[in-house]
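Close look at the chain arrangement
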Amino acid sequence: MPEFELMELLDVGMKETKSAVALISEATSPPCQSARSLLERKVENEHLSGHLPTHLKGLDETLCGGIPFGVLTELVGPPGIGKSQFCMKLALSASFPAAYGGLDGRVVYIDVESKFSSRRVIEMGLESFPEVFHLKGMAQEMAGRILVLRPTSLANFTESIQELKDSILQNQVKLLVIDSMTALLSGENKQGAQRQHQLGWHISFLKSLAEFSRIPIVVTNQVRSQNRDETSQYSFQAKLKDGLQEHTKTYDSHLVAALGINWAHAVTIRLVLEAKSGQRIIKIAKSPMSPPLAFPFHITSAGISLLSDKGTELKGPGINTIHARGHSDMINFHGECS
Amino acid sequence: MEAWRLPLSSSIRGKLISAGYTSLSSISSVSSSDLARDANITEDEAFEILKLANQSSGSSSYNGSGSLINGAKNAWDMLHEEESLPRITTSCSDLDNILGGGISCRDVTEIGGVPGIGKTQIGIQLSVNVQIPREFGGLGGKAIYIDTEGSFMVERALQIAEACVEDMEEYTGYMHKHFKANQLQMKPKDILENIFYFRVCSYTEQIALVNHLDKFISENKDVKVVIVDSITFHFRQDFDDLVQRTRVLSEMALKFMKLAKKFSLAVVLLNQVTTKYTEGSFQLALALGDSWSHSCTNRVILYWNGDERYAYIDKSPSLPSASASYTVTSRGLRNSSSSSKRVKMM
């Protein structure tokens, strides 16, 4: 409120208003920390300095350890590419005891489209961590730590996460997976601005949830085709006409991530899973601490594994475009896939 | 000047006016005890009023130092000031060139772009570069990093700090060989120590912090850059009343400008993008609306041009519109390898 209005309202002089505003501001301001203390706190308190390993060596190295705590990580890609598989593997990895690189905690898995398969999770566990899983009762214990929720509507989901916020620490929840965010929102009937507003609320809520409980939140997103009238240019770019820039629109199944640009700004890490000429690729499309690398991968009974730990660096718009060419042949892996 | 313009509480003002003191000259010609008696207020209040009245009327008289209006400076003096203004390097010489040497202190610069283009990277780079000691051509100052969306990754800041120290050590090695310069004292952890990090979680916290910055910076005078990453986030979703939002934002911009001028520091505001329907098609534009776009002195837009990242000076009082390319490496912001032909002028 501007100071003059405050003065009118409270009927006090200018000096008092100024000092009141200053005091309130100081009290309401967030505390100051030096970046160094942030780093030290992370290293001391958090498992592996605040990262959840994905057990994909190349990816973990580039992400400085794995999926970071306290922020939103997004997995986006066309249907059937392996997003849910990735999530299931992560959930498993988080439930493991610390000795095996896990977080030794519970996982809340919000499964909107019923893609979670316990059988598959146990299969992944047996194949990738046989030493652990063959121990008696381990499989039961690990699977027992993964709590699966199937919300019937967005309102249902909203309620559940609000409940979760209060109980997250006491219940040792160490990872939250939302598969998929797009499906949750597409079920609603609201249009345009209202929808953005809803999404906006969820974005703020999830981010603050991640930060205060210092857990990683992994969200999957779907793709949609780019509209004809959509552009990625600013008004001044038309004037610049940079010589060779006659970028023809490539029409090879040009896909973009759903949920809009606001969402794209809000996620801290964006991992794109795509298919190019029959090869599946996972690429780091947005990460403040990694270069944009792409790794080829495939899905086996042990889950996702990288075919090469040395990623290829991407340039330019290739980072953000999502390809789905040559993809339909790959869908029928083991008769089930997601 | 009229009495009702004085910054007083409404009841006191009401009493003044009903007692017949409608103009400043009438107030300044009486003593405080007379004023107190006439207007039915206490002596202290009367004294305050007289002080205020004298301040306001004093400012409109001719000032002996040659300026017609109090506080005005002539353009020649300002030229000298502008030229000796320190600037913060971005570690990318092409970018520094189009910026006239770097991000200028005493100014508010807005930098916007699509997700993933490097806004946070520039923010972190600047908060490290402001600490480059004077012997190396830097400002030797500290940084305030206001994080509204949790994008500050401290591991990345460490990477950039380490690279900066390495570069300085290389330079020192050279200087030491030829000019007997001193050894570099700075370590990467020290650089992190000098970044004051604030995590803002709502727009009320953001407003409160901006108000509080004046006091904070007075106590920490070597802060030379304030980076807000991003100013948009909390204002995009939580505000229902757009009119109020515009007003709050423009006040915030003014406060930042005051801070920049008062403490001679650079304020860098990072902004997000949105799509706007203009001239018959959808285009990208920086968020927060048209009125916000008037609030900042300087504006830089980061965008993709083919395979490269570019920065474009969209708005500046003294620099021509130009664009330059840059890359983001593991060591921070640097020139792109194909930089030979990249600086394009409009």
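Just so you know, these numbers come straight off a predicted model, no measurement behind them. (Residues numbered from 1 in each chain as written. Chains lettered and ligands numbered in written order. Predicted model: local features only at pLDDT ≥ 70, side-chain atom pairs only at ≥ 80, totals over all residues. Heavy atoms only, no water.)

**Considerations on unusual backbone geometry**
In this chain, D179 of chain A is followed by S180 of chain A through a cis amide linkage whose omega measures 0°. Looking at the element boundaries, S180 of chain A is found in the loop between β7 (173-179) and α10 (181-186). Following D229 of chain B, the chain continues to S230 of chain B via a peptide bond in cis, the omega torsion being -10°. Along the chain, the position of S230 of chain B falls in the loop between β6 (223-229) and α11 (233-237). (Helix = DSSP H or I, 4+ residues; strand = E, 2+ residues; numbered from the N terminus.)

**Some details on the confidence of the model for chain B**
All names here are of chain B. Across chain B, the average pLDDT comes to 79, with 84% of residues at 70 or higher. Across chain B, the secondary-structure element scoring lowest on mean pLDDT is strand β14 (residues 344-345), at 44, and the one scoring highest is strand β7 (residues 266-271), at 92. We note a pTM of 0.77 for the whole complex and an ipTM of 0.76 for its interfaces. (pLDDT = per-residue confidence, 0-100.)

**Considering empty space enclosed by the protein**
Residue and element names in this part refer to chain A. Per the counting criterion, the structure on display carries three cavities of 30 Å³ or more. Put simply, the largest cavity is a space of about 50 Å³. Surrounding the largest cavity, T54, L56, F86, K89, L90 and I304 form its lining. Per-element tally for the lining of the largest cavity: the top contributor is helix α5 (residues 83-95), with three residues. In the lining of the largest cavity, the residues fall into four nonpolar, one polar and one charged. (1 Å grid on protein atoms, 1.4 Å probe; cavity = no way out; pocket = protein on both sides within 12 Å on 5 of 7 lines; lining within 4 Å. Points joined across faces, edges and corners; volume = space filled by probe spheres on them. Nonpolar A, V, L, I, M, F, W, Y, C, P; charged D, E, K, R; others polar.)

**Thoughts on the pattern of salt bridges**
All names here are of chain B. Per the stated rule, a full pass over the model turns up 17 salt bridges over all chains. A salt bridge links D107 to K261, with the nearest nitrogen and oxygen atoms 3.8 Å apart. Of this pair, D107 sits in the loop between β2 (103-104) and β3 (108-113) while K261 sits in helix α12 (residues 242-263), and the two are 154 residues apart along the sequence. Note on K261: relative accessible area 43%, which makes it partly exposed. D167 is the salt-bridge partner of R334, the closest N and O atoms lying 3.1 Å from each other. Of this pair, R334 sits in strand β13 (residues 332-334) while D167 is found in helix α8 (residues 154-179), placing the two residues 167 residues apart along the sequence. Several salt bridges share partner residues, and in doing so they unite E166, D167, R331 and R334 into one network. (Salt bridge = Lys/Arg side-chain N within 4 Å of Asp/Glu carboxyl O. Buried < 20%, exposed > 50% of the residue type's maximum accessible area, 1.4 Å probe, protein only.)

**Regarding the packing of α5 of chain A against helix α6 (residues 118-128) of chain A**
All names here are of chain A. Taken N-terminus to C-terminus, the directions of α5 and α6 make an angle of 65°; their axes are 10 Å apart at the nearest point. As α5 packs across α6, the resulting crossing turns out to be right-handed. Contact with α5, carried on its side by Q85, M88, K89 and L92, involves R120, V121, M124, G125 and S128 of α6 and no other residues of that element. Taken together, the residues that form the contact of α5 with α6 break down as four nonpolar, three polar and two charged. (Axes fitted to C-alpha atoms, helices over the stretch in contact; angles between N-to-C directions. Left-handed = near helix turned anticlockwise from the far one by under 90°. Contact = heavy atoms within 4.5 Å.)

**Focus: the side chain of K207 of chain A**
Topologically, K207 of chain A is positioned in helix α11 (residues 192-213). Among buried charged residues, K207 of chain A stands out as having no salt bridge; its nearest opposite-charge side chain is E149 of chain B, 5.1 Å away. Separated by 2.9 Å, the side chain of K207 of chain A and the backbone oxygen of E149 of chain B make a polar contact. The contacts of K207 of chain A, once residues within four sequence positions are left out, are L72 and A266 of chain A together with E149 and F233 of chain B. (Lys, Arg positive; Asp, Glu negative; His and termini not counted. Polar contact = N/O pair within 3.5 Å; in protein donor to acceptor, adjacent residues only side chain to side chain.)

**What about the nonpolar core?**
Membership of the largest hydrophobic core comes to 67 residues, with the highest contact counts inside it found for Y234 of chain A together with I88 and F152 of chain B. Residue contributions to this core peak at eight residues, all from α8 of chain B. Ignoring sequence-local partners within four residues, the contact set of Y234 of chain A consists of G113, V114, V273, L284, A285, L286, I301, L302 and Y303 of chain B. If you look at the next biggest cluster of nonpolar residues, it comprises 46 residues, including L52, C87, F96 and L271 of chain A. (Core = buried A, V, L, I, M, F, W, Y, C linked by side-chain atoms within 4.5 Å.)

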